[in-house]
Amino acid sequence: MNILVCVSKTPETTAKISFTDDNTQFNTEGVNYIMNPYDEWYALVRAVELKEQFGGEVTLLNVGPAANDAIIRKGLAIGADKAVRVDAEPGSAYETAKHIANYAKDQDFDGVFFGKETIDYNGSEVGGMVAELMDLPFISYASKLEMDSTDEATITRDIEGGVEVLEVAPPFCLSAAKGLAEQKIPNMRGIMMAKRKPLEVVEAEEVNQPAEVVGFRLPEEKGKVTLIDPENMEELVRLLHEEAKVI
Amino acid sequence: MSVLVYAEAHGGAFNKKAFEVVTYARKTADILGTECIAATVNSDNPEKLGVYGAHKVVQLQSGALEKFDAGTYTKALDQAAEKLGADTVILQHSSDGKSLIGRLAARWGCGSVSAVNQLPTYEGGFKVEKPVFSGKAFATYSISSDRRVLSLVGNSLPPEEMGDEQVDVEKFDLDIEAPKVKVVKVDKVKGEIPLPEAELVVSAGRGMKGPENWGIIEELADTLGATTACSRPVSDSDWRPHHEHVGQTGIAIRPNLYIAIGISGAIQHLAGVNNSDTIVVINKDPEAPFFKSADYGVVADLFDVVPRLTEAIKKFKAS
């Protein structure tokens, strides 16, 4: 089972969000970056488990600048065998997807795994784009993946109010949701081994940019909270009905 | 050139999200100065989409479309758009819509913006805003390609009756190869409104002290007709099923009413709920950060105040 796991770099979940250059750039000052949680906790860990079950190789891929190497090394410490970084600073989901597909199309992967979305742009787009560009089936929001052999996978996909159980033969693309695997903390041996694992840097091909972010804004501040007397829940119900008009 | 909106029918029927996306698409078509055509698959009453603004409805038909698959449905929408000369496709930001948006945009090599919650503008180019950083900010995207694909987050705008059922419904028989993915079964939680679709949500956190105390939460939710949710520590400790987990790494929701009980309001939790219309926070700690994001706050012991809120709602409903 040869699996490509595509990981993204995102600001950590507690990062303060602000913007510079007349609200056109994300303010990176003082922001710590992590591997996107869905990519790391679920997509990568499940891929490593499948490799342990069937043999083969897990390749980690990131599209980004050299500063992303720390995150890539963490992925190698968790259990990926080798890594590829496509040297580009993508400005859109489409650009990222094109770089991934350009690399992956000549390789022989049985699976291409993504997280269900990144926690910065929340797009849920790259996985489907790569699937289309490579003409592979795509299963989004996979919360369970079982394989008895490398010929067929049974995948549970989260849908509104329930799940759908699907069968698909490799190669396929999937995006990983909670439940697909358990978060794994790299151990010392993994961290040491990661330093010796290969990290190939690939030059990016020119890609057109059909969509781009032109500005940001922060949400309007909420007005001050209206405190309600705990002895008077009738008052809260009245406000929800008459003022907020939600009940 | 026209706007093609895909309205999802589940079990033959549309839900509110389908009508929302049609209204959104109609308003987008008005902005672009063009026509709004609704596409649907396996719907029992496609003419209903005319009520919410579609100028015309097409029912996409093929043996390959019996069950949802991202690959085959992308091909169906591609063929329909081609036939109709549509350059803008609008999807629901649902589990199916999220599987389609990337595929269709990549097929066309065009710009796409997922999870939009505002209408686009069309002055000096096509621009549209969406929430980013899990709701902590908004970004405006500019799409420069001739074609474009958007997905609309639920509860962004109310469905409006902008037309009637006297709308042309045309059947498109499409030639599409069978999907590579086989649907074995579908399991839905019975009786409950799924969280992403719920308009009223009662959510509880670590302040509940243990899973055995959830009776008062369920009673409040039942009385209100609300769906229950929980914070991450609660689902991580298996006090509640993980599909109830809302927040940055759980699901993001935007109900009309979110009642947070015994949840301190960590930034990761807020990220998943701060687009709710009205937020009520019940917490005994007046310093809980959640109060800063709340519309209404009750500083009190939840075990004391929640049953009284339930009683007050019962009285209100009876009156």
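Here the structure is a predicted model, which is why all the values come from computation and not from measurement.

Rules of the game
- Residues numbered from 1 in each chain as written.
- Chains lettered and ligands numbered in written order.
- Predicted model: local features only at pLDDT ≥ 70, side-chain atom pairs only at ≥ 80, totals over all residues.
- Heavy atoms only, no water.
- Pairing = 2+ DSSP bridges.
- Helix = DSSP H or I, 4+ residues; strand = E, 2+ residues; numbered from the N terminus.
- Buried < 20%, exposed > 50% of the residue type's maximum accessible area, 1.4 Å probe, protein only.
- Axes fitted to C-alpha atoms, helices over the stretch in contact; angles between N-to-C directions.
- Parallel < 35°, antiparallel > 145°, perpendicular 65-115°, else oblique.
- Left-handed = near helix turned anticlockwise from the far one by under 90°.
- Contact = heavy atoms within 4.5 Å.
- Nonpolar A, V, L, I, M, F, W, Y, C, P; charged D, E, K, R; others polar.
- Polar contact = N/O pair within 3.5 Å; in protein donor to acceptor, adjacent residues only side chain to side chain.
- 1 Å grid on protein atoms, 1.4 Å probe; cavity = no way out; pocket = protein on both sides within 12 Å on 5 of 7 lines; lining within 4 Å.
- Points joined across faces, edges and corners; volume = space filled by probe spheres on them.
- Salt bridge = Lys/Arg side-chain N within 4 Å of Asp/Glu carboxyl O.
- Domains from an automatic or database assignment.
- Buried area = accessible area lost by both parts, 1.4 Å probe.

## Looking at the pairing of strand E10 (residues 152–159) of chain A
All names here are of chain A.
- Sheet analysis places strand E9 (residues 138–149) next to E10, joined by five bridges and oriented antiparallel. Considered in E10, the bridge of Glu-146 is made with Thr-154.
- Where E9 folds back on E10, the antiparallel hairpin that results is connected by two residues.
- As judged from the seven bridges shared by E10 and strand E11 (residues 162–168), these two strands associate in the antiparallel manner. Note on E11: the bridge partner recorded for Arg-157 is Glu-164.
- In sequence, E10 turns back onto E11 through a hairpin of two residues, with Gly-161 there showing a positive phi of about 70 degrees.

## So, unusual backbone geometry
Residue and element names in this part refer to chain A.
- A cis geometry characterises the amide bond from Pro-170 onward to Pro-171, with omega recorded as 0 degrees.
- Phi at Lys-245 takes a positive value of approximately 55 degrees, unusual for a residue other than glycine.
- Looking at the secondary structure, you find Lys-245 in the segment after helix H6 (233–242).
- Overall, the relative accessible area of 64% leaves Lys-245 in the exposed class.

## Points about the packing of helix H1 (residues 37–54) of chain A against helix H2 (residues 69–78) of chain A
Residues and elements named next belong to chain A.
- Running from N to C, H1 and H2 cross one another at 45 degrees; their axes reach a closest spacing of 10 Å. Classed by the angle they form, the pair H1 and H2 counts as oblique. Considering how the two elements wind past one another, H1 and H2 form a crossing that is right-handed. Contact with H1, carried on its side by Glu-40, Leu-44, Val-45 and Val-48, involves Lys-74, Gly-75 and Ile-78 of H2 and no other residues of that element.
- Per-class residue counts for the contact of H1 with H2 are four nonpolar, one polar and two charged.

## Observations concerning the side chain of A:Asn62
Residue and element names in this part refer to chain A.
- With respect to the helices, strands and loops of the structure, Asn-62 is situated in strand E6 (residues 58–63).
- Asn-62 sits in the buried class, given a relative accessible area of 2%.
- Within polar-contact distance, the side chain of Asn-62 engages the backbone oxygen of Val-7 at 2.9 Å.
- The contact partners of Asn-62, leaving out residues within four places of it in the chain, are Val-7, Ser-8, Lys-9, Asn-68, Ile-72, Val-84, Arg-85 and Val-86.

## Remarks on the sheet that holds E10(A)
- Read across the sheet, ten strands follow the order E13(A)-E7(A)-E6(A)-E1(A)-E8(A)-E12(A)-E9(A)-E10(A)-E11(A)-E13(B) without closing on themselves; strand pairing throughout is mixed. Among the strands making up the open sheet, the edge pair consists of strand E13 (199–203) of chain A together with strand E13 (182–188) of chain B. Taking the axes of each pair of neighbouring strands and ignoring which way they run, one obtains an average angle of 25 degrees across the sheet.
- By the bridge criterion, five bridges tie E6(A) to strand E7 (residues 82–87) of chain A in an arrangement that is parallel.

## Points about empty space enclosed by the protein
- Taken as a whole and judged by the stated rule, the model has two cavities of 30 Å³ or more.
- The volume enclosed by the largest cavity comes to roughly 60 Å³.
- Every residue lining the largest cavity is listed: A:Phe138, A:Ile139, A:Arg157, A:Glu164, A:Leu166, B:Phe68, B:Asp69, B:Ala70, B:Ser99 and B:Val181.
- For the lining of the largest cavity, the elements supplying multiple residues, two or more each, are E9 and E11 of chain A.
- Broken down by class, the residue content of the lining of the largest cavity amounts to six nonpolar, one polar and three charged.
- In this structure, the second largest cavity occupies an estimated 50 Å³ of space.
- Lining the second largest cavity we find A:Pro11, A:Glu12, A:Thr13, A:Ile17, A:Ile119, A:Asp120, B:Phe133, B:Lys136 and B:Gln248.

## Focus: the pattern of salt bridges
Residues and elements named next belong to chain B.
- Here the structure, examined in full by the defined rule, presents 32 salt bridges over all chains.
- The salt bridge involving Glu-82 is made with Arg-147; its shortest N-O contact spans 3.3 Å. Taken as a pair, Glu-82 in helix H3 (residues 70–84) and Arg-147 in the loop between strand E10 (137–143) and strand E11 (148–152) lie far apart in primary sequence, 65 residues in all.
- Residue Glu-82 is classed as exposed on the basis of its relative accessible area, which comes to 53%.
- The exposure class assigned to Arg-147 is partly exposed, which follows from its relative accessible area of 23%.
- Residue Arg-240 is joined to Glu-218 by a salt bridge in which the shortest nitrogen-to-oxygen separation is 3.1 Å. In this pair, Arg-240 is assigned in the loop between helix H6 (232–236) and strand E16 (257–261) and Glu-218 in helix H5 (residues 215–224), connecting sequence segments 22 residues apart.
- For Arg-240, a relative accessible area of 12% translates into the label buried.

## Observations regarding the domain arrangement of chain B
Residue and element names in this part refer to chain B.
- Partitioning chain B into domains gives domain 1 (2–173) and domain 2 (195–318).
- Just the C-alpha atoms count here: the centres of domain 1 and domain 2 sit 32 Å apart.
- In this assembly, domain 1 packs against domain 2 so that about 910 Å² is buried in total across both faces, 35% of it on carbon and sulfur atoms.
- Interface area lost by domain 1 to domain 2 is led by Ser-134, Lys-136 and Asn-155, which between them contribute 49%.
- Inspection of the domain 1/domain 2 interface yields one salt bridge.
- A salt bridge links Glu-199 to Lys-16, with the shortest nitrogen-to-oxygen separation between them at 2.6 Å.
- At the surface where domain 1 touches domain 2, the tally comes to four residue pairs in polar contact (both at pLDDT 80 or more).

## Re the packing of H5(B) against helix H8 (residues 302–318) of chain B
All names here are of chain B.
- Where H5 meets H8, the axes come as close as 9 Å, and the angle between the chain directions of the two elements is 20 degrees. One way to sum up the angle between H5 and H8 is to call them roughly parallel. Considering only the axes of H5 and H8, their crossing is left-handed. Taking contact as the criterion, the partners of Ile-216, Glu-219, Leu-220, Thr-223 and Leu-224 in H5 are, on H8, Leu-302, Phe-303, Val-306, Pro-307, Leu-309, Thr-310, Ile-313, Lys-314 and Lys-317.
- Residues belonging to the contact of H5 with H8 are distributed by class as follows: nine nonpolar, two polar and three charged.

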